[in-house]
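# Structural description and commentary
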Amino acid sequence: MLRFFAIAALVSGLASGTVSASTIVDDFNDTNKSNWTDVLGSTTHNGTSVSGTNFALSTLNGATGNSYSVDVSTSASGTAFIGIALGVTSADDTLMVKIQNNNGSSGFDSIFFYRAVVGSLPAVSGEYLKLLSNPATSGTFFVTQNGDGTVTAGFNGESFTETLSTMFAGTGVGLAFYGSATADNFTNLAPVSAVPLPAGAVVLLTGLAGLGAVGSRRGRRLATARRVV
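Residues numbered from 1 in each chain as written. Predicted model: local features only at pLDDT ≥ 70, side-chain atom pairs only at ≥ 80, totals over all residues. Heavy atoms only, no water.

## Remarks on the overall build of the chain
- Helix and strand counts for the chain stand at two helices and 17 strands.
- In the chain, buried positions account for 39% of the 229 residues.
- For the chain, long-range pairs separated by at least 24 residues make up 61% of all intrachain contacts whose partners lie at least 6 apart in sequence.
- Here the chain displays about 11,400 Å² of accessible surface, and carbon together with sulfur accounts for 56% of that area. (Helix = DSSP H or I, 4+ residues; strand = E, 2+ residues; numbered from the N terminus. Buried < 20%, exposed > 50% of the residue type's maximum accessible area, 1.4 Å probe, protein only. Contact = heavy atoms within 4.5 Å. Areas by Shrake-Rupley, 256 points an atom, 1.4 Å probe, with all protein chains shown as cover.)

## Comments concerning the environment of Lys98
- Its location among the elements puts Lys98 in strand β9 (residues 93-101).
- Taking the C-alpha atoms as reference, Lys98 lies 6.8 Å from Phe113; in sequence the two are 15 residues apart.
- With sequence-adjacent residues up to four places away left out, Lys98 is seen in contact with Phe81, Ile82, Gly83, Ser110, Ile111, Phe112, Tyr114 and Phe141.

## What to know about the packing of aromatic side chains
- Tallied over the full model, the rule gives ten aromatic pairs.
- Both rings, one in Phe112 and one in Tyr128, keep their centres 6.4 Å apart while their planes meet at 45 degrees; by these two values the pair is tilted. Pair noted here: Phe112 is in strand β10 (residues 108-114) and Tyr128 is in the loop between β10 and β11 (129-136), with a separation of 16 residues, a long-range link.
- On the accessibility criterion, Phe112 (6% relative accessible area) is buried.
- On the basis of relative accessible area, Tyr128 is assigned to the partly exposed category, the value being 28%.
- Three or more aromatic residues link up through ring pairs in this structure, and these residues are Phe28, Trp36, Tyr68 and Phe186.
- Directly above the ring of Phe112 sits Lys98, whose terminal nitrogen or CZ lies 5.0 Å from the centroid. (Phe/Tyr/Trp six-rings, centres within 6.5 Å; stacked < 30°, edge-to-face > 60°. Lys NZ or Arg CZ within 6 Å of the ring centre and 35° of its normal.)

Quick look at the structure:
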């Protein structure tokens, strides 16, 4: 029965033109950085993760989108951050949301909403600094532009949503760095676009899924009957 519902969900997604999925766009499991462009500072791909010089920004060539996550790690000491940059035009014109080891002693403890890699220009109309309830030296950090003028950022299950104070005309996507912090598994969280199926094809696939479910139930009944006899 679970297979029927899985097929039905897939058919529904294909009919609407989107299929919910996340895609790791770079797992950084090699030292090749040809798919990235260092816009500010420089980055190092060491074969397991990526790090950068202070205030580095590196964009992923050809990448667009409004929702990404990344696995982050830092030492417990020293100021450091990893930022996800969306809507990148330049290092001075981007939605740059960063997770930071701000007090330098507890790991990642705060999230900042900025509109440049260097400097402290807020990108939101509310509080641009959010303190995390449970600081940690590693975890998964995500940023999503919601399409309604708000942005959501979160870390290890805790998230914050703020209203943007400016819009970003750029389409680039990247990562920003400062201090002793590394990033891994850069992931596009946005739904995958698909060509919507014709109505007839949707009906056919749904019918086949239903027949499969009926056949599965019939097979179980026959097997039960044989055991009883």
